[in-house]
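# Examining the three-dimensional arrangement
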Amino acid sequence: MKRILLFILPILIIIAVAFTIFGIVQVRYEEEKLMDDLKRKARAVAESVELSARYSLINNDLKSAKRLVESFQKRERMQGCVIYDKEGLILAITERISDWGQKEKTYIKEILNTQSARGAIEIFGDYSVYSYTLPVLDDENNILGVVEVIYDTSYLFTTLADLWRRISTTLIILISLIAITAVLIQRQIFILPVRRLTQWFSHFQRGEIDESHPIKEKGELGKLASEVEQVALSLRVARRTISDEASVRLQKEEVWTESKLRDLVRAKLGDNALFVVSNREPYMHVLDESTGVTKCIRPASGVVTAIHPVLCACGGTWIAHGSGNADKKFVNSKDKLGVPPKDNRYILKRAWLTKEEEDGYYYGFANEGLWPLCHNTHTRPIFRESDWQMYKKVNQKFADTLLEELPAKPPFIFIQDYHFTLLAKMIKEKRPDATIALFWHIPWPNPENFSICPYRQEILDGMLGCDLIGFHVQNHCNNFLDTANRLLESRVDTEKFSIIRFDKETFVRAFPISVDGHISEGSFKVEPIREIEKLKKEYDLKDKIVGLGVDRIDYTKGIIERVLAVDRFLEKYPEYKKKFVFIQLAAPSRTHIKRYHDLIGEIDELVEKKNWKYLDGDWKPIIYLKRHFSQDEIEPYYMLADLCIVSSLHDGMNLVAKEYVAAKKDLSGSLILSQFTGAARELTDAIQINPYSIEEFADSIKLALEMPSEEKEKRMENMRKIISENNVYRWAGNIITELTALKKV
Ligand code: ADQ
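Report follows, based on the coordinates. These numbers were taken from a predicted model, which means no experiment stands behind them.

## Observations concerning the packing of helix α12 (residues 456–463) against helix α13 (residues 474–487)
The geometry of α12 relative to α13 is characterised by a closest axis approach of 11 Å and an angle of 120° between their N-to-C directions. For the element pair α12 / α13, the angle class is oblique. The chirality of how α12 crosses α13 is left-handed. Residues Arg456, Gln457, Leu460 and Met463 of α12 lie in contact with α13, whose contacting residues are Phe480, Thr483, Ala484 and Leu487. Residues belonging to the contact of α12 with α13 are distributed by class as follows: 5 nonpolar, 2 polar and 1 charged.

## Some points on the sheet that holds strand β17 (residues 504–510)
Whether parallel or antiparallel, the strands of a sheet pair through hydrogen bonds between backbone atoms. Strands sit in the order β10-β11-β9-β6-β12-β13-β14-β17-β16-β15 across an open sheet of 10 strands; the sheet is mixed. The open sheet is flanked by β10 (336–339) and β15 (491–493), the only strands paired with a single partner. On average, each strand axis in the sheet is tilted by 20° relative to the strand beside it, whichever way the strands run. Of the pairings in the sheet, the one linking strand β6 (residues 274–278) to strand β12 (residues 412–416) comprises 4 bridges and is parallel in character. Across the sheet, residue Val276 finds its bridge partner in β12, namely Phe414. Its contacts with the sheet place α13 against β14 (468–471), β15, β16 (498–501) and β17, and it is angled at close to 155° to β17.

## Brief notes about the sheet that holds strand β20 (residues 622–625)
Taken in spatial order, the 6 strands of this open sheet run β20-β19-β18-β21-β22-β23, and their pairing is parallel. The strands lining the two open edges of the sheet, one partner per strand, are β20 and β23 (687–689). The mean inter-strand angle of the sheet, taken between neighbouring strand axes irrespective of direction, is 20°. Examined bridge by bridge, strand β22 (residues 670–674) and β23 share 3 bridges and lie parallel to one another. Across the sheet, Ile672 pairs through a bridge with Ile687, a residue of β23.

Rules and cut-offs
Residues numbered from 1 in each chain as written. Predicted model: local features only at pLDDT ≥ 70, side-chain atom pairs only at ≥ 80, totals over all residues. Heavy atoms only, no water. Axes fitted to C-alpha atoms, helices over the stretch in contact; angles between N-to-C directions. Helix = DSSP H or I, 4+ residues; strand = E, 2+ residues; numbered from the N terminus. Parallel < 35°, antiparallel > 145°, perpendicular 65-115°, else oblique. Left-handed = near helix turned anticlockwise from the far one by under 90°. Contact = heavy atoms within 4.5 Å. Nonpolar A, V, L, I, M, F, W, Y, C, P; charged D, E, K, R; others polar. Pairing = 2+ DSSP bridges.

So, in structure tokens, the structure goes:
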């Protein structure tokens, strides 16, 4: 609309100005014509009156003079007539204008002196009149008196006003006609073709374009459309060729790499698009209000760590909550942006949540309800009805956002985690042709534990909208099958490992997640030696044995137990005082939840207490760095550490354990790993601990430090082999292979 206005407004202004000028000229001309006419009539009347007036004045016949002036009483446009004697005094005046007599009229004296006629507009009361004055002379040209004829001029102004009205009406009609015509023409020659082209583009975007949707535009737009059609055709052909080549290459390659995953995705997905949905976004734009600088950061999250390399490899669209305070500034009109920022490999679409939605769905139901429900850490889950309602609403919001994006061709959807248990069912209601997988990144509890959830049925029902549900380890799969079997009316097929409910089958599989490895040579993004030296200098680590912990601050990660174990270790083995330093990198998370807020305080206090206990000169046993670190910043800590401690009380997998092993290219270092992590099933060469047993934990630190270096290397080599074979590309490859095998049509 704005564009149309911009287009026709100048035309309309020109027409309006031209018409106004024309109107002014026309009115002036008409005014002059009417005035001339009036003057002529006034003169003629005055001349005809003059004869009779002369008789009255010569004979001093007042009666006939009065009769004469009264004969004007009934004339329509003429107001009246006045006869003056030679002194300028009124002899007779038409009654209708008797007030005229009171008016001071200097011109009468002048006329008596000059004996010449005069015509002029005069003000009479509230209106104007035309007065024509004529001297009355005898035969010797002696002045006898004056006759004055008064004409009404109001009809003149009414006529001119009528004229203006007609001109304005014509102007308005003309402008409206031009505006309507311009809009129609614009629509016909510009808007409709552009709309058709846009529709065509969006069909093409959604993969719906084929021979039945050719572009029919003519002219310049037609040429543009035809060019686009050529590009579309080449893209279609290229996609098919790439997918054929990919299948051939795939059969040859052994180790899972980014390019092998890309080939697999192309071979398996072909033209069908891949969509990922998660709560946490892979990139957040955060404005530091104190400095005014906006940074783009990768959040500390295992889900992001795992899924990001997968999407980098195979492209697609990732839909997530835009939670950064500057996120809105960096998206296009459809809330999308290309990421990574400098090397766009896939699309991130941000969904916006209100504060109330985030409170209820994320902090409330997901993290105070489901998170403790699924982790055995003795933290009581809190289920509030209002949180549940918000959780349902947000799941629906994500479903609507996703549905908007889905192409016509059957898509593949990969949902992440416990935030979206209801999403699959909501999508399937509208798009039964979509093939959907859900990966559950945290443990799944046994049926007794899960059954305390008041909304257990709806949650299970929602999840069974998926075609495939993945867990990290077999034990979680077994728990899930047991839960569905006991709490829902469903049939569990233990041969196929699937659950059948209302004729819909959902397969349940274990897919142990991993990291992209950094296993291959030369994949470091930082200069490790320089960074390590910097850290050693900064924290005075020369000649020190360094232990490391890297975590989000979460009660499941066993950070308190870790600090207690370091304390016990130094108590039991004081020879390590001033020789051993434990560095804890800790990213605050979910800080709005009281349990997390309290935990941060508890850790601060405990670290402070233990450091005080051992403080000796410049040495303190624990360096606690409480902030978010980028992956590049964490890498040198991993490389520097002689020991990494992962002491989760319960953990789906734990990627820190795998990241540490992947970073240890020189095979140095030991990993202490809680037996309650998913990673403990694979990394059997780690020193496994029960983090609840502080005594055993402290001893395992000693064991790790004193283990002969050959054994350490052997163990590290074994673990690295496992991670390089079972990296995140294999994990994604396996899920995508299973998912595409379940393709709906
Ligand atoms: P998390 O519990 O978030 O996720 P975890 O496996 O512990 O995941 O990985 C945490 C990630 O955050 C790691 O990549 C780590 O490098 C990073 N990180 C930790 N501390 C950080 C800090 N201070 N600054 C920046 N980054 C930091 C869930 C489950 C896990 C599961 C993952 C993946 O709880 O069991 O392994 O998903 O499925």
